[in-house]
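# Residue-level structural notes
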Amino acid sequence: MKYKAFHKLSYGLYIITTKVNNNNAGYIGNTVFQVTSEPSQIAISCHKKNATLEKILQSRIFSISVLGKNASTSLIGEFGFMSGTEIDKFRNVETKTAKTGAPIVLDSSVAWFDCKVVATQDVGSHVLIIGEVLDSEVLSDEEPLTYAYYREKYKMLSPKNSPTYIEKEKLDGEQEPVKKQKAEPQKKEQEKGDNMDIFTCQICGFQYNPEEGDPTAGIPPGTPFEDLPDDYKCPICNAGKEYFKRN
Ligand code: FE
């Protein structure tokens, strides 16, 4: 089996939320898909270690916000890589209350769906949840974010709780298709030097490439990782420099 084949499956990125006992909960998911049109039903797959799962099963409601192509990376980082037990993910986001009572995240969203749970299926590490759509709205004409675009742009890994998570070692062990390989000019390699090494965030997989810098943090291209300020934070998951490792 070739694990990279799974990267050829297309997905979007979504914020899935619920509310129970007056507490909001939510996470980023890519496994959201419509399963029937009449009635309109949508399925999500949620990891058993995800704190939101229990709350959805309790409240029997959830909302889905469809993220736009230019979605905020810090929003993705907080909802995707941090736990609601560590931070209040909703403290900086604009929400509205759905008919079901679930909080709909409006920031970076191009559409939303409000659902009530009609069926669940234990599938091992995850629970498949099917919801009937009670309400929905389009918020913007912006293109929705695709998972492939997100992975390519940010060189990101799936969070470990994602149904599509594949260990980096498994992917690294597989060869790239031959035609995609482009030989790097040798001279460029030599010029690079040690201090232009790429560093990877061990929490979320974001790669800091000195050649690109980090425009979101005002770090210009050509800045070696060692020269980043001590309080530099991963733009995706907010982890400090100490969580980065040289590739
Ligand atoms: Fe990170």
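Residues numbered from 1 in each chain as written. Predicted model: local features only at pLDDT ≥ 70, side-chain atom pairs only at ≥ 80, totals over all residues. Heavy atoms only, no water.

### Some points on the packing of aromatic side chains
- Taken as a whole and judged by the stated rule, the model has 8 aromatic pairs.
- A ring pair is formed by Phe79 and Phe90, whose centres lie 5.3 Å apart and whose planes are at 85 degrees; its orientation type is edge-to-face. Note that Phe79 is positioned in helix H2 (residues 73-81) and Phe90 in the loop between H2 and strand E6 (95-97), a separation of 11 residues in sequence. Taken as a pair, Phe79 and Phe90 share a single burial class, namely buried.
- Judged by centre distance (4.0 Å) and plane angle (10 degrees), the ring pair of Phe199 and Phe225 falls under stacked. Placement of the pair is Phe199 in strand E10 (residues 199-201) and Phe225 in the loop between strand E11 (207-208) and strand E12 (244-246), with a sequence separation of 26 residues.
- Given a relative accessible area of 7%, Phe199 falls into the buried group.
- Sitting above the plane of the Tyr149 ring, Lys69 keeps its charged end 4.6 Å from the centroid. (Phe/Tyr/Trp six-rings, centres within 6.5 Å; stacked < 30°, edge-to-face > 60°. Helix = DSSP H or I, 4+ residues; strand = E, 2+ residues; numbered from the N terminus. Buried < 20%, exposed > 50% of the residue type's maximum accessible area, 1.4 Å probe, protein only. Lys NZ or Arg CZ within 6 Å of the ring centre and 35° of its normal.)

### Observations concerning the nonpolar core
- Among the nonpolar cores identified, the biggest contains 29 residues, and Leu67, Phe206, Cys234 and Phe244 are the most heavily contacted of them.
- Of all the elements, H2 adds the most residues to this core, at 4 residues. (Core = buried A, V, L, I, M, F, W, Y, C linked by side-chain atoms within 4.5 Å.)

### A word on the confidence of the model for the protein
- Confidence in the prediction of the protein, expressed as mean pLDDT, is 87, and 88% of residues score 70 or more.
- Predicted confidence for residues 180-192 stays below pLDDT 50, and this span has 4 contacts to residues more than four positions away or in other chains. (pLDDT = per-residue confidence, 0-100. Contact = heavy atoms within 4.5 Å.)

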